[in-house]
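# Residue-level structural notes
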Amino acid sequence: MATEFRGKGYAVEAARAAIDWSFATFELERIIHCIDRENTASQAVARRLGAHPEGETMLLGHTVELWVTRRDR
């Protein structure tokens, strides 16, 4: 996201719309967010969405944290 648009809530708003649509459209119980360990801004967005860290995995040869948003939250 361009610097001048950061911190205005756009990422949370867009992610919330995508999550709501996904839960309404598909029979999903959870959505997984793969976030770099050092990406504190994305971690903050995930927290605002109600996601919680639930481990780590490798993605394209890089360790990422798995954050999970659950339908029931």
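As shown above, the structure is provided for reference.
The notes below deal with the structure included here. Not measured: the values here are computed from a predicted model.

### Focus: unusual backbone geometry
For Leu 60, which is not glycine, the phi torsion reads 55 degrees and is therefore positive. Within the secondary structure, Leu 60 is located in the loop between β2 (52-59) and β3 (62-70). On the basis of relative accessible area, Leu 60 is assigned to the exposed category, the value being 86%.

### Details of helix α2 (residues 40-48)
Every α-helical turn comprises 3.6 residues, leaving residues that sit three or four positions apart pointing alike. All buried positions along α2 are accounted for by Gln 43, Val 45 and Ala 46. Taken around the axis of α2, the buried residues stretch over an arc of 160 degrees, which confines them to a single face. Facing away from the buried side of α2 by over 90 degrees, the exposed positions are Thr 40, Arg 47 and Arg 48. Looking one or two places after α2, you find Gly 50, whose phi comes out positive at around 90 degrees.

Conventions used here
Residues numbered from 1 in each chain as written. Predicted model: local features only at pLDDT ≥ 70, side-chain atom pairs only at ≥ 80, totals over all residues. Heavy atoms only, no water. Helix = DSSP H or I, 4+ residues; strand = E, 2+ residues; numbered from the N terminus. Buried < 20%, exposed > 50% of the residue type's maximum accessible area, 1.4 Å probe, protein only. Arc of directions from axis to C-beta.

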